[in-house]
Amino acid sequence: MSSATIPTRTSTPTLAITSDDIVILVMGKTESGINNFINKLIEMQPEGTNRLASRRENVREYECFYSGQRFILVDTPGLNDGERLQGTAFRDISKWLEDTYQRSIRLTGVIYTHDVTGNNWSSTDVQSLELLGHLCGNEAADRVRLVTTTCGRVEELDVDNVEGIPGIADWRSFIEAGARLKRFDNTSEGAWRIVEGLENTKKALLLQKELVDRGMRLEDTAAGKHLRLDESAAPSGQAEGWFKRWIWKPCLNMWRKIANWKWFRFGYIRT
């Protein structure tokens, strides 16, 4: 089928997702194959582009039907987009996870795409995988699939025969907790084999429990601490919030106390 005849996919409103749906969160670095994997499942191309690997600037959901079941595939912003801080993408994903969990929606799986065509293993690769572990937690590790893309092979991998993949040792503990490593052969059949392997077990992620059940601030969660959200440089809106909280408000309160003291000292009554 030529690209001209492939229909364009349209997003599904978040409020249209129900607890009966099979919800799959798809994450990864920019151009690691997130969009391509989703395209192979729903056999549609992204909105406004013919590219297989396009950048996503916010979280979007797409529906498809398979074997009589509705699947919701959640497309997320890349964790290493040069124009968006990793913390910003993480905040967007976290907000979506928090909102859906409050509506009793549980994830069936988290698919993390990783391009293994290059031999370089950057600090961003390591940090992104570590972030994934802190976000999901060991209890939900069995819901996670690390999908290696552009390999051209479909055979499954296990802990004993993946030493050739650069940096995979950094993921060993998460694999031992239940996560699974899969090769993706760039076909629709291969994508569905990976999804079907998740079956229909649904679990809450560690981050969702921390934010909703324990009422924690995002900065205090395991993933938030890993990214050092309290210390990291923030976009202008977040920087403004930090300035108001830690500088402007304390100074304002101090000056109010001084003003009150002066009025009291000179015998005036403040109204």
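Each remark here, short or long, concerns the structure printed above.
Right, let's walk through the structure included here.

Parameters at a glance
- Residues numbered from 1 in each chain as written.
- Predicted model: local features only at pLDDT ≥ 70, side-chain atom pairs only at ≥ 80, totals over all residues.
- Heavy atoms only, no water.
- Helix = DSSP H or I, 4+ residues; strand = E, 2+ residues; numbered from the N terminus.
- Buried < 20%, exposed > 50% of the residue type's maximum accessible area, 1.4 Å probe, protein only.
- Contact = heavy atoms within 4.5 Å.
- Areas by Shrake-Rupley, 256 points an atom, 1.4 Å probe, with all protein chains shown as cover.
- Pairing = 2+ DSSP bridges.
- Axes fitted to C-alpha atoms, helices over the stretch in contact; angles between N-to-C directions.
- Phe/Tyr/Trp six-rings, centres within 6.5 Å; stacked < 30°, edge-to-face > 60°.
- Parallel < 35°, antiparallel > 145°, perpendicular 65-115°, else oblique.
- Left-handed = near helix turned anticlockwise from the far one by under 90°.
- Nonpolar A, V, L, I, M, F, W, Y, C, P; charged D, E, K, R; others polar.

## Topic: the overall build of the protein
Check the secondary structure of the protein and you find eight helices and six strands. Burial status across the protein gives 43% buried among its 271 residues. Long-range pairs, those at least 24 residues apart, make up 75% of the contacts in the protein with a sequence separation of at least 6. As displayed, the protein offers around 14,500 Å² of accessible surface, 50% of which is attributable to carbon and sulfur atoms.

## Comments concerning the environment of Leu132
With respect to the secondary-structure elements, Leu132 resides in helix H3 (residues 123–136). Apart from residues lying up to four places away in sequence, Leu132 is in contact with Met27, Val110, Tyr112, Val144, Trp171 and Phe174.

## Some points on the sheet that holds strand S5 (residues 144–149)
In spatial order, the strands read S2-S3-S1-S4-S5-S6; together these six strands make up an open sheet with mixed pairing. Only two strands of the sheet have a single partner each, and these edge strands are strand S2 (60–66) and strand S6 (180–183). Strand-to-strand, the axes of this sheet are offset by a mean angle of 25°, without reference to chain direction. Bridge count between S5 and S6: four bridges; the pairing is parallel. Along S6, the bridge assignment pairs Val147 with Lys182. Along the sheet face, helix H1 (residues 34–42) touches strand S1 (22–28), S2, strand S3 (69–75), strand S4 (109–115) and S5 and points at about 165° away from the line of S3. Across the face of the sheet, helix H5 (residues 188–196) comes into contact with S2, S3, S4, S5 and S6 while running at roughly 95° to S2.

## A look at the packing of aromatic side chains
Any two aromatic rings considered together are summarised by their centre-to-centre distance and by the angle between their planes. Applying the stated criterion to the full structure yields four aromatic pairs. With a centroid separation of 5.1 Å and 65° between ring planes, the pair formed by Phe37 and Phe184 is classed as edge-to-face. Here Phe37 is found in helix H1, whereas its partner Phe184 is found in the loop between S6 and H5, with 147 residues between them in sequence. The same class applies to Phe37 and to Phe184, which are both buried. Their ring planes at 5° and their centres at 3.9 Å tell us that Tyr66 and Trp192 sit as a pair that is stacked. Here Tyr66, found in strand S2, pairs with Trp192, found in helix H5; they are 126 residues apart in sequence, far enough to count as distant. A relative accessible area of 6% places Trp192 in the buried class.

## Examining the packing of helix H2 (residues 86–102) against helix H6 (residues 206–213)
One way to put it is that H2 packs onto H6 with a least axis distance of 9 Å and a crossing angle of 70°. When the axes of H2 and H6 are compared, the pair comes out roughly perpendicular. Once H2 is placed against H6, the crossing between them reads as right-handed. Mapping the contact onto sequence places Phe90, Ser94, Leu97, Glu98, Thr100, Tyr101 and Gln102 in H2 and Leu207, Gln208, Lys209, Leu211, Val212 and Asp213 in H6. Class assignment for the residues of the contact of H2 with H6 results in six nonpolar, four polar and three charged.

## Some words on unusual backbone geometry
Note: most peptide bonds trans; most residues except glycine with negative phi. Even without being glycine, Ser67 reaches a positive phi, approximately 55°. Inspection of the secondary structure assignment puts Ser67 in the loop between S2 and S3.

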